[in-house]
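Examination of the molecular architecture
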Number of protein chains: 2
Amino acid sequence: MVAGPLPAPSGPGKDRLRLWIRLLRASRTIEAELRERLKKEFNTTLPRFDVMAALYRAPEGMLMSDLSRFLLVSNGNVTGIVDRLVSEGLVARARRNGDRRTSMVRLTEEGSQTFATIAAVHEGWIGELLGKVSEDDARRLTGMLTSFRSNWEGRE
Amino acid sequence: MVAGPLPAPSGPGKDRLRLWIRLLRASRTIEAELRERLKKEFNTTLPRFDVMAALYRAPEGMLMSDLSRFLLVSNGNVTGIVDRLVSEGLVARARRNGDRRTSMVRLTEEGSQTFATIAAVHEGWIGELLGKVSEDDARRLTGMLTSFRSNWEGRE
DNA sequence: GCAAATTATTTCAAGCTTAAAGTTTCATAT
DNA sequence: ATATGAAACTTTAAGCTTGAAATAATTTGC
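Residues numbered from 1 in each chain as written. Chains lettered and ligands numbered in written order. Predicted model: local features only at pLDDT ≥ 70, side-chain atom pairs only at ≥ 80, totals over all residues. Heavy atoms only, no water.

**Section: the overall build of chain A**
Along its length, chain A carries six helices and two strands. For chain A, the N- to C-terminal ordering of α and β elements is α-α-α-α-β-β-α-α. What you see for chain A is a C-alpha radius of gyration of 19 Å, clearly larger than the 15 Å of a compact globule of 156 residues, by over 25%. Judged by the C-alpha coordinates and their principal axes, chain A covers about 60 × 40 × 25 Å. For chain A, with 156 residues in total, the buried portion stands at 44%. Taking the contacts inside chain A whose residues are at least 6 apart along the sequence as the reference set, 48% of them involve residues at least 24 apart. (Helix = DSSP H or I, 4+ residues; strand = E, 2+ residues; numbered from the N terminus. Rg over C-alpha atoms; globule rule 2.2 N^0.38 Å. Buried < 20%, exposed > 50% of the residue type's maximum accessible area, 1.4 Å probe, protein only. Contact = heavy atoms within 4.5 Å.)

The following block contains the structure:
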């Protein structure tokens, strides 16, 4: 993964490979920048931000398994991140009457306010970091990636 | 990060934000699939594959700091991955006469052959996973991502 | 020549990540 | 009722990841 500038081999499968490498490098580059800024400016991490973003969109709460599916990470992973957010008072687990295996996870009032603050700044960062991508290209790129997702979800 | 299907807010910065989310989800989706296949088929990991891919392109070897820069990961990170590859006999460190702080890291003969095998299969996977992206879209996407990279590299 | 700054790397602590195994609870079929 | 199995979650072990501190070697400025 993450091969880079050099010979530029050609052939049948090479175009897709080159696309994948570019895609991966672009997202890693941006991710690294965001991680650094989240740490410096808000003393938090990308995974915590991801979880909070998911919960912010679901005021009624989410199950752990919902979070895991939505964030594309493993089940056990979410446990740890939520544990930390709980211990920081940003997230709460609520046991449910119906099914005692599950717990609804949601932002606390503090968590919600904290997230709103960070999210606003975050959106500005993205605007800055992707600012050189023209409106047109941004829309085209988004469209292609959306159709990639549709194809993926509907595969075999 | 990784927000998903839902309201679809609109506004000035929202287009870039949506693009970023799509980009991140696409690369995470593909990455997860590759990670799983590398584990199942070759009992290896993505980071190991990345390091070996970098070294494969540099038969004369690379410094640790070159690897770190090239792979967009921290210095300390590379140390651990290379340690494991060395203990598996796939990579070798060679101390240099000139500068004794540094060591040239390169693939062993076994490492080179192992990587060639995996890389061939890997390329097929990418072709499969990105197969639904048309040739045209692939070229366009690659072009946009390339110009993103140029802009990024040339920012103050 | 030698102290100070710089460079290359490793070590460390904390946190993230996965896959697999374990626990508790629920649903179902006897 | 009670076994059997499935579901939701947590725990565990191994590995990845970062940022910061430590170590060692080189270069620079007097």
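Text resumes after the structure shown.
**Considerations on the relation of the copies chain B and chain A**
Copy one and copy two of the chain differ by a rotation about a common axis and a shift along it. If you rotate chain B by 180 degrees and push it 0.0 Å along the axis, it lands on chain A with an RMSD of 0.1 Å. The relationship between the two copies is best expressed as a two-fold rotation axis. A share of 100% of interface residues in chain B that are also interface residues in chain A marks the association as one of identical surfaces. (Least-squares fit on C-alpha atoms with pLDDT ≥ 70 in both.)

**Comments concerning the protein's contact with DNA strand D**
Surrounding DNA strand D, one finds 25 residues, the nearest of these being A:Ser65, A:Arg93, B:Arg48, B:Ser74 and B:Arg84. In the interface set of DNA strand D, defined as its atoms within 4 Å of the protein, sugar plus phosphate atoms amount to 80%. At 2.6 Å from a phosphate oxygen of DNA strand D is found a side-chain nitrogen or oxygen belonging to A:Ser65. In this structure, a base nitrogen belonging to DNA strand D sits 3.0 Å away from a side-chain N or O atom of A:Arg101. When residues in the surface near DNA strand D are grouped by element, the largest group, four residues, is from helix α4 (residues 75-87) of chain B. Grouping the amino acids of the surface near DNA strand D by side-chain chemistry returns six nonpolar, 11 polar and eight charged. (Near = heavy atom within 4 Å. Polar contact = N/O pair within 3.5 Å; in protein donor to acceptor, adjacent residues only side chain to side chain. Nonpolar A, V, L, I, M, F, W, Y, C, P; charged D, E, K, R; others polar.)

**What about the protein's contact with DNA strand C?**
Looking at DNA strand C, there are 25 residues lining it, with A:Arg48, A:Ser74, A:Arg84, B:Ser65 and B:Arg101 nearest. Among all atoms of DNA strand C positioned within 4 Å of the protein, those belonging to sugar or phosphate total 80%. Interatomic distance of 3.4 Å between a backbone N/O atom of B:Met64 and a phosphate oxygen of DNA strand C. Contact between DNA strand C and B:Ser65: a phosphate oxygen at 2.4 Å from a side-chain N or O atom of the residue. Those elements that place two or more of their residues in the surface near DNA strand C are α2 (46-56) and α4 (75-87) of chain A together with α3 (64-71) and α4 of chain B. Tallying contributions element by element places α4(A) first for the surface near DNA strand C, with four residues.

**As for the layout of surface pockets**
Estimates place the volume of the largest pocket at around 890 Å³. Class assignment for the residues of the lining of the largest pocket results in 16 nonpolar, three polar and eight charged. (1 Å grid on protein atoms, 1.4 Å probe; cavity = no way out; pocket = protein on both sides within 12 Å on 5 of 7 lines; lining within 4 Å. Points joined across faces, edges and corners; volume = space filled by probe spheres on them.)

**Digging into the packing of aromatic side chains**
Scanning the entire structure with this criterion turns up eight aromatic pairs over all chains. Relative to A:Trp125, the ring of A:Phe42 lies with its centre 6.1 Å away and its plane at 50 degrees, an arrangement referred to as tilted. Linking A:Phe42 in helix α1 (residues 14-42) with A:Trp125 in helix α5 (residues 109-129), this pair joins segments that are 83 residues apart in sequence. Among the residues examined, A:Phe42 registers a relative accessible area of 27% and is labelled partly exposed. Its relative accessible area of 8% is what places A:Trp125 among the buried residues. Taken together, A:Phe49, A:Tyr56 and A:Phe115 form an aromatic cluster joined through their ring pairs. Its end group placed over the ring of B:Phe70, A:Arg25 keeps NZ or CZ at 5.1 Å from the ring centre. (Phe/Tyr/Trp six-rings, centres within 6.5 Å; stacked < 30°, edge-to-face > 60°. Lys NZ or Arg CZ within 6 Å of the ring centre and 35° of its normal.)

**Section: the nonpolar core**
Counting residues in each nonpolar core, the largest one holds 90 residues, and the members touching the most others are A:Leu67 and B:Leu67. Setting aside residues no more than four positions away along its own chain, B:Leu67 makes contact with B:Val51, B:Ala54, B:Leu55, B:Met62, B:Val78, B:Val82 and B:Val105. (Core = buried A, V, L, I, M, F, W, Y, C linked by side-chain atoms within 4.5 Å.)

**Looking at unusual backbone geometry**
All names here are of chain A. One non-glycine residue, Asn 43, lies in positive phi territory at about 50 degrees. Considering the arrangement of structural elements, one finds Asn 43 in the loop between α1 and α2. Relative accessible area serves as the criterion here: at 60%, Asn 43 is assigned to the exposed category.

**Focus on the interface of chain B and chain A**
Contacts between the two partners involve 59 residues from chain B and, on the opposite side, 59 residues from chain A. With both sides pooled, the region where chain B packs onto chain A buries about 6,300 Å², and carbon together with sulfur makes up 65% of that total. Here chain B is connected to chain A by 10 salt bridges. Linking chain B to chain A there are 17 residue pairs in polar contact (both at pLDDT 80 or more). Of all the secondary structure elements, the ones that give two or more residues to the side of chain B that touches chain A are α1 (14-42), α2 (46-56), α3, α5 (109-129) and α6 (135-153) of chain B. Of the residues forming the side of chain B that touches chain A, the biggest block, 19 residues, is contributed by α1(B). Grouping the constituent residues of the side of chain B that touches chain A by class yields 29 nonpolar, 11 polar and 19 charged. (Buried area = accessible area lost by both parts, 1.4 Å probe. Salt bridge = Lys/Arg side-chain N within 4 Å of Asp/Glu carboxyl O.)

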